Structures are given as C-alpha cells and as structure tokens.
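# Overview (structure and organization)
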Amino acid sequence: MTVTKDRARETQTKSRTKSQTIGSQTSAGRASGALRILVVHGPNLNLLGKREPELYGSQTLADIDADLTAAAKELCVEVESVQSNHEGELIDRIQEAMGHADGILINPGGFTHSSIALRDALVATGLPVVEIHLSNVYARESFRRLSYVSPIAIGVISGLGAQGYRFGLEALVKRLNG
Ligand code: DQA
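Let us look at the structure shown here. The structure displayed is predicted, hence computed values, not measured ones.

## Notes on the pairing of strand S2 (residues 36-41)
Taking burial as the measure, the six residues of S2 include six buried ones, the bulk of the element. Every second residue of S2 is oriented toward a common face, with Arg36, Leu38 and Val40 on one face and Ile37, Val39 and His41 on the other, all of them buried. Of the pairings in the sheet, the one linking S2 to strand S3 (residues 78-83) comprises six bridges and is parallel in character. For leucine 38, the partnering residue across the bridge sits in S3 and is glutamate 80.

## Concerning helix H3 (residues 87-96)
Of all the positions in H3, only Leu90, Arg93 and Ile94 are classed as buried. Looking straight down H3, one finds that the buried residues subtend no more than 100 degrees of arc, so they occupy a single side. Facing away from the buried side of H3 by more than 90 degrees, the exposed set consists of Gly88 and Gln95. Against S2, S3, strand S4 (103-107) and helix H4 (116-125) lie the buried residues of H3.

## With respect to the nonpolar core
By size, the foremost hydrophobic cluster in this structure holds 38 residues, and its most contacted members are Ile37, Ile104, Leu105 and Leu169. When contributions to this core are tallied by element, the ones reaching two or more residues are S2, helix H2 (61-75), S3, H3, S4, H4, strand S5 (129-133) and helix H5 (163-176). Ranked by the residues each element gives to this core, the list is headed by H2, at five residues.

## Quick notes on the packing of H2 against H5
Two quantities define a packed helix pair, namely the angle between the axes and the distance from one axis to the other. Remark: H2 packs on H5, axes separated minimally by 9 Å, with the N-to-C direction vectors making an angle of 30 degrees. In this view, H2 runs roughly parallel relative to H5, as classed from their interaxial angle. The chirality of how H2 crosses H5 is right-handed. Across the interface between the two elements, Ile64, Asp67, Leu68, Ala71, Ala72 and Leu75 from H2 touch Tyr165, Arg166, Leu169, Glu170 and Val173 from H5. The residue makeup of the contact of H2 with H5, split by class, is eight nonpolar, no polar and three charged.

## Things to note about H2
Taking 1.5 Å of rise per residue, 15 residues should cover 21 Å, and H2 covers 21 Å from first to last C-alpha, within 8% of that figure. When we look at burial in H2, the residues that qualify are Ile64, Asp65, Leu68, Ala71, Ala72 and Leu75. Buried residues of H2 fall within an arc of 120 degrees about the axis and therefore sit on the same side. Just beyond H2, the residue with positive phi is cysteine 76, at close to 60 degrees.

Reading guide: rules and limits
Residues numbered from 1 in each chain as written. Predicted model: local features only at pLDDT ≥ 70, side-chain atom pairs only at ≥ 80, totals over all residues. Buried ≥ 20, exposed ≤ 12 C-beta atoms within 10 Å, placed from the backbone. Helix = DSSP H or I, 4+ residues; strand = E, 2+ residues; numbered from the N terminus. Pairing = 2+ DSSP bridges. Arc of directions from axis to C-beta. Contact = placed C-beta atoms within 7 Å. Core = buried A, V, L, I, M, F, W, Y, C linked by C-beta atoms within 7 Å. Axes fitted to C-alpha atoms, helices over the stretch in contact; angles between N-to-C directions. Parallel < 35°, antiparallel > 145°, perpendicular 65-115°, else oblique. Left-handed = near helix turned anticlockwise from the far one by under 90°. Nonpolar A, V, L, I, M, F, W, Y, C, P; charged D, E, K, R; others polar. Expected span 1.5 Å × (residues − 1).

In structure tokens:
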C-alpha cells in the first residue's frame, strides 16, 4: 500500500510511511486541533499519468496528492492519503479512520462498481464521505453507472479530472465546519 500522510502518530501502522503537519482548524478531541481528512485512492490509480491519459489525464497520483496537500494547507486541515490495489487493505485503512479522521474523500476506482464490503466499511465509520471520479462515469460503459458508494456519500464529483479532488476536499471541509 502506498501512503502519504501529514503527521506521524503513535497509532500509525507499518503501512503508513510519510507524514507532515498542516493547519490549525479546531476539531474536538484532536491534539493538533485540525480537522483530518482521509483520502482513499482505489485500485489502478497508482498508474495515473500512464493509464489511459485520454480518460484520466496526465497528472500522476503524486501530483494529485501534492495538490491536495496544498489545498489542505489553505483550508487549515490535515490530509492523509492512501492508495491500494487490494480491497481488504482499503477496508482495513477505512476502519482505522474511525476515531482518527473527520471525513473521507475517496476515489474507489473499479471497486466503486463492485464492492459492497468497501461501502459497508465507509458506512461503519459514520464519517461523511465524498466520492470522486476523474472521468465522467455516466458517459462511459453502462456498468460504471452503478456505484455502491454514491448512495452513502454526501456528494459525488465525476468527470472534472484531477481538480475534482480539490473541489471535493473543499466541499467536505465546508460540510464539517457547518
Ligand atoms: C474511476 C472510474 C472507474 O470506473 C474506474 O474503474 C477507475 C477510475 C475514475 O476516477 O474515473 O478506476 O474511478
């Protein structure tokens, strides 16, 4: 699993590898006081930049994470990002967000259309979820029109490319700040 995160914590697992601290937004029960957003990138998104660029753009996952980190700084929140090609790893990481994160921004990739278990994990956290897709899934194959995540998300951004992540983060933070 590839992970970038904003702050080293005692609770971190061996799969979390990189950290930095951002911001000072007030959040109950949080030592740093900042809202914390878990960013989840699903399968094959590690290939961004090389993978079907006509659909998914030329930006790499590192570019997207760097942009989210910059956006988080402006918003005075912390973001932690995780990517995995493995459903169980993603579920483990989402479960770990309970009690640690305030919201989840997720591009579930192909698991969008197949994983009830991923959806169940998101619901179990009780956290607000924003679903992101780089491509417009409604303008593609019919099987991409079914998302197990959309019905439990507070919102969905699809088809706006990499900038959709930033929009999603802004919307999530706005919702959390009431
Ligand atoms: C995707 C859309 C999914 O249908 C696809 O399986 C992906 C990427 C997107 O960002 O557009 O892997 O989530």
